[in-house]
Amino acid sequence: MNIPFLQHRRALAVLTSASVGASLAACTAAVFRVLFHEAAAQFALTTGAPTLLVGTVWAWMLRSPRTLRGSSIRVGWALSLPLAALNGALSAGLLLGTDGGGLSLERFLSGAALGATLGAMFWLPAMFATLVLFGVPLAAAERLAQQGLAGRERGDRIVGLTSTVLAVLAVLFALPSQRYAGSGSVVVAALAAMAALAGLTSASLAWGRERARRAFIRDVEAGRVERFRVDDTPEGRVLVRVVTQGQGYRVADYEEEVAALDREGAVTEVSRAGS
């Protein structure tokens, strides 16, 4: 018997990571749109598109508990620098590779080399800004995830809402003056809309799932749900499912732990029986 809101949905993780990537892309596109307003659309697109991809990958990897061998440093954090360099390389490669129409592989590779090296004057400050603006909520989500399923989804809610707010600020930053009006604004607005859609959706899903879990546990404790009960054990509170097996005089009840709960009734860990 599967209980959907007792399982962590992969779609929720994907949405949260995508909201970070899209919000990062909107912020990056907005900055380059303002700095290089004479070619705003080209700069917004060639910096926003790679950032959407690389930023989403970075946010996804930060969800992994894997650490560098022999240390407590998460792999995702360790990859921040090389991923920032990759983002700079892809952005510069696209910018120079598409200059003049079409895509030239030779110009793309030359641009990528410049972006990864000389482009550090752009991507290094951008990386530090990213670690401040996005790293703080992501680190908070990481700490919450250590509390189990409920903590993980509370972290998703924080990250989704933060991504939405930063995407809106990116639009407000890029569109204050008619001087910068043009197709570059459309790129920033589209990326911001993607971030807001993904962020608000992930936050809403996380919030709804937590409410559903808490309501289910309350109903179990009140005796309104058949074949389930909440027990107190030396290890803490657990949600138990009672399964009736056999027929007639051979009938017997088999009990299996479905999930571990904290004192407030939030699910911290789901057993294989509940998945």
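This text gives an overview of the structure that appears in the document. Sequence positions are assigned chain by chain, starting from 1 and proceeding in written order. Reporting of local features is limited, given that this is a predicted model, to residues whose pLDDT is at least 70; pairs of side-chain atoms are given and counted only at 80 or more, and all residues count toward the totals for whole chains, interfaces and linings. Working from all heavy atoms in the structure, the side-chain values ignore hydrogens and water.

**Some details on the side chain of Ser-91**
Structurally, Ser-91 is set in helix α4 (residues 80-97). Residues count as neighbours in contact if any of their non-hydrogen atoms are within 4.5 Å of one another. When near neighbours in sequence (up to four residues on either side) are disregarded, Ser-91 contacts Thr-46, Thr-47 and Pro-50. Elements are defined by DSSP. Helices are runs of H or I of four residues or more, strands are runs of E of two residues or more, and each kind is numbered from the N terminus.

**A look at the nonpolar core**
Core analysis: the largest hydrophobic core is formed by 15 residues, its most contacted members being Ala-26, Ala-29, Ala-30, Val-188, Leu-191 and Ala-192. Listing elements by their share of this core, those giving two or more residues are α1 (10-35), α8 (149-174) and α9 (183-221). Once residues lying within four places of it in the same chain are set aside, the contact partners of Ala-29 are Ala-44, Thr-47, Gly-48, Val-188 and Leu-191. Buried residues of nine kinds, namely Ala, Val, Leu, Ile, Met, Phe, Trp, Tyr and Cys, make up a nonpolar core once their side-chain atoms join them within 4.5 Å. Type-normalised accessible area, obtained with a 1.4 Å probe on protein chains alone, sets the label of each residue: buried when under 20%, exposed when over 50%, and partly exposed for intermediate values. Core analysis: the next-biggest nonpolar cluster, separate from the first, contains twelve residues, Leu-24, Ala-59, Leu-83 and Ala-141 among them.

**Here's the deal with unusual backbone geometry**
In this structure, Arg-227 is a non-glycine residue whose phi angle is positive, near 70 degrees. The class of Arg-227 is partly exposed, set by a relative accessible area of 47%.

**A few points about the pattern of salt bridges**
Any Lys or Arg side-chain nitrogen located within 4 Å of an Asp or Glu carboxyl oxygen qualifies as a salt bridge. If you walk through the whole model with that rule in mind, you get ten salt bridges. Put simply, Glu-210 and Arg-214 hold a salt bridge, and the shortest N to O gap is 3.5 Å. Of this pair, Glu-210 and Arg-214 both sit in helix α9, four residues apart, which is roughly one turn of the helix. Asp-231 is the partner of Arg-229 in a salt bridge, and the nearest nitrogen-oxygen pair spans 2.9 Å. Take Arg-229: its relative accessible area is 28%, and that puts it in the partly exposed class.

**Considering the environment of Leu-166**
If you trace the backbone, Leu-166 turns up in helix α8. The exposure class assigned to Leu-166 is buried, which follows from its relative accessible area of 11%. Taking C-alpha positions, Leu-166 is 7.4 Å from Cys-27, a pair spaced 139 residues apart along the chain. Excluding anything up to four places from it in sequence, Leu-166 contacts Ser-23, Cys-27, Leu-133 and Phe-134.

**Section: the side chain of Ser-163**
Residue placement: Ser-163 occurs in helix α8. You can call Ser-163 buried: its relative accessible area is 1%. Leaving out residues up to four positions away in the same chain, Ser-163 has contacts with Ser-19, Val-20, Ser-23, Phe-134 and Ala-195.

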